[in-house]
Amino acid sequence: MKLRNQLIRRTVMLTALLGAFSHAQADQGVLHVSAAQQQQLGIQVQSLSVPAADTRSAPGLRLSGQVISPRNAQTIVSPLLSGHVQEVRVSAMQTVRQGQVLATMISPEAMSLQREYLQLAIQAKLAREKKERDESLFQDGIIARSRVEESRALLIQAEAGARERQQTLKAAGFPDAALKQLVQQQQIQTMLAITANSSGTLTELQLKPGQKIDAGMPVATISKNGAFWVEFQVAAGLAAQIKSGDQIRVAACQDALRVTAVAAHVQTETQNRIVRAEQSKPESCLQLNQFVEGRLESAQIPPASFALPRSAIIQLQGKSWIFIRQPQGYLPVAVNIVQQQGEQSWIRAVQEKQLAAGVQVVVKGISGLKGLMLGMGGEQEGGH
């Protein structure tokens, strides 16, 4: 209720002021305002500085973000067999190499597969010996060809079964050397290793001793080595100024990051938009999950343009306007906005020579002047 009353009082005050201005005359477009009315409106002016030159650049926005891994550079570690974790040998955020043991577990399922593979490998060995013996007997004319064909078929079946179990054990984490040792020594291993399937940074580890692991259960996430992404949290209004292809400079990095995406919607919890930038090549200046500060590299300020606060510019009749102070009052001047950066805008006058260094421009209290322009017959097509 209090806020509503304040809004009503402000509306009444502005209406009264505009009523007091109704007698103002437009002398070649100049808006006449008395000293008392200027004070009531809180009009303040700012002198235009020397126009920008080609060599100057706009100060970039300061951005804060977090280093993340590209979605296509992440891999999940999932044991093919079930079991119980016996030992964990790594920790989260540790650098790992492909094939490195992350943890060991006791797996009855793995022991059963080893036994089956050993049996099939022995059967394949016996079938191979029988085939060779039958081929020799056939050459001597002792047995019929059908006996040889039967031996060959049995060998093919035995070798296929052994290869199937061999590939299953390899996929489960048994290296070739371990499988060869199994056949030679005929000794089944009780422990199964969970290994890294890629080199990179172990971003997530969901393992602890004694934990039961089901087949196919995700237990770790690895971010592969390579170029990183940075997701910057940017206020919605400022994010509108950023576009794909822009560059963001991060301290300690030799090359600038390139903006690849600007979120279309704001986040509910922060009311910010995500701006994603990527490294052009891997650099050690960024570490996964690191918080970084960046600066948006802006295009050069167009020459012969003047800097003003965005609040000094209004939109009327589909054009941008500013008010410059003259001895008789305030003159509306149509301008073109050539660049915006944060709360700063760079402008040029639509008609040449209307702006110059030292000209005083209204930067505060322009609502009443805008109202006078409307009273002179203009229709509002844009907001302040």
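For the structure itself, consult the block above.
Before going into details, it helps to say that this report is about the structure given with it.

Cut-offs and rules
- Residues numbered from 1 in each chain as written.
- Predicted model: local features only at pLDDT ≥ 70, side-chain atom pairs only at ≥ 80, totals over all residues.
- Heavy atoms only, no water.
- Helix = DSSP H or I, 4+ residues; strand = E, 2+ residues; numbered from the N terminus.
- Buried < 20%, exposed > 50% of the residue type's maximum accessible area, 1.4 Å probe, protein only.
- Contact = heavy atoms within 4.5 Å.
- Salt bridge = Lys/Arg side-chain N within 4 Å of Asp/Glu carboxyl O.
- Pairing = 2+ DSSP bridges.
- Axes fitted to C-alpha atoms, helices over the stretch in contact; angles between N-to-C directions.
- Expected span 1.5 Å × (residues − 1).
- Left-handed = near helix turned anticlockwise from the far one by under 90°.
- Nonpolar A, V, L, I, M, F, W, Y, C, P; charged D, E, K, R; others polar.
- Phe/Tyr/Trp six-rings, centres within 6.5 Å; stacked < 30°, edge-to-face > 60°.
- Lys NZ or Arg CZ within 6 Å of the ring centre and 35° of its normal.
- Parallel < 35°, antiparallel > 145°, perpendicular 65-115°, else oblique.

1. Thoughts on the overall build of the protein chain
Looking only at helices and strands, the protein chain has 7 helices and 23 strands in total. A total of 384 residues make up the protein chain; the buried ones form 38% of that total. In the protein chain, once contacts between residues fewer than 6 apart in sequence are set aside, the share between residues at least 24 apart is 72%.

2. Here we look at the pattern of salt bridges
Applying the stated criterion across every chain yields a total of 14 salt bridges. Among the salt bridges present, the one from Glu159 reaches Arg128, with a minimum N-O distance of 3.0 Å. Of this pair, Glu159 sits in helix H4 (residues 145-172) while Arg128 sits in helix H3 (residues 108-139), and the two are 31 residues apart along the sequence. According to the relative accessible area criterion, Glu159 is partly exposed, its value standing at 23%. By relative accessible area, which is 32% here, Arg128 ends up partly exposed. Salt bridges sharing common partners tie together Lys131, Glu135, Glu149 and Arg152.

3. A short note on the environment of Val183
Position of Val183 among the secondary structure elements: in helix H5 (residues 176-185). In this structure the C-alpha to C-alpha distance between Val183 and Gln114, which are 69 residues apart in sequence, comes to 9.5 Å. When neighbours within four sequence positions are excluded, Val183 is seen to be in contact with Tyr117, Leu118 and Ala121.

4. With respect to unusual backbone geometry
A positive phi is found at Gln186, a non-glycine position, where the angle reads about 55°. In this structure, Gln186 sits in the loop between H5 and strand E9 (191-195). A positive phi angle, close to 80°, is found at Ala252, a residue other than glycine. Relative to the elements of secondary structure, Ala252 occurs in the loop between strand E14 (247-250) and strand E15 (257-262).

5. Quick look at the sheet that holds strand E7 (residues 95-96)
An order of E5-E12-E10-E7 is seen for the 4 strands of this open sheet, with the pairing classed as antiparallel. Unpaired on one side and paired on the other, strand E5 (74-77) and E7 mark the two borders of the sheet. Strand direction decides the pairing type here: E5 and strand E12 (residues 220-224), joined by 4 bridges, are antiparallel. Counterpart to Thr75 in the pairing with E12 is Ile222.

6. Let's talk about the sheet that holds strand E17 (residues 291-297)
Spatially, 6 strands are ordered E4-E13-E16-E15-E14-E17 in a closed barrel, and the strand pairing comes out antiparallel. Looking at each pair of strands side by side, their axes are set apart by 45° on average, direction ignored.

7. Digging into H3
The terminal C-alpha atoms of H3, which comprises 32 residues, lie 47 Å apart, in line with the 46 Å expected from a rise of 1.5 Å per residue. When we look at burial in H3, the residues that qualify are Ala110, Leu113, Gln114, Tyr117, Leu118, Leu120, Ala121, Ala124, Ala127, Lys131 and Asp134. Where H3 is buried, its residues contact H4, H5 and E9. Among the residues trailing H3, Gly141 stands out with phi positive, at a value near 75°.

8. Quick look at the packing of H3 against H5
Where H3 meets H5, the axes come as close as 10 Å, and the angle between the chain directions of the two elements is 65°. The handedness of the crossing between H3 and H5 comes out as right-handed. Packed against H3, whose contacting residues are Gln114, Tyr117, Leu118 and Ala121, the element H5 presents Leu179, Leu182 and Val183 at the interface. Class assignment for the residues of the contact of H3 with H5 results in 6 nonpolar, 1 polar and no charged.

9. Describing the packing of aromatic side chains
Under the criterion given, the structure shown has 0 aromatic pairs. It is Arg276 that lies over the ring of Trp229; its NZ or CZ is 4.3 Å from the centre.

10. Section: the pairing of strand E20 (residues 319-326)
When strand E19 (residues 314-316) meets E20, the two strands line up antiparallel, connected through 3 bridges. For Ile314, the partnering residue across the bridge sits in E20 and is Trp321.

11. Observations concerning the environment of Glu109
Within the secondary structure, Glu109 is located in helix H3. Its relative accessible area of 34% is what places Glu109 among the partly exposed residues. Separated by 27 residues in sequence, Glu109 and Ser82 have C-alpha atoms that sit 6.6 Å apart. In contact with Glu109, other than residues within four places in its own chain, are Leu81 and Ser82.

12. What to know about the packing of H3 against H4
Where H3 contacts H4, the two axes come as close as 8 Å, and the packing angle between them is 155°. Considering the angle they form, H3 stands roughly antiparallel to H4. The element H3 and its partner H4 pack so that their crossing is left-handed. Looking at side-chain class alone, the contact of H3 with H4 contains 14 nonpolar, 6 polar and 11 charged residues.

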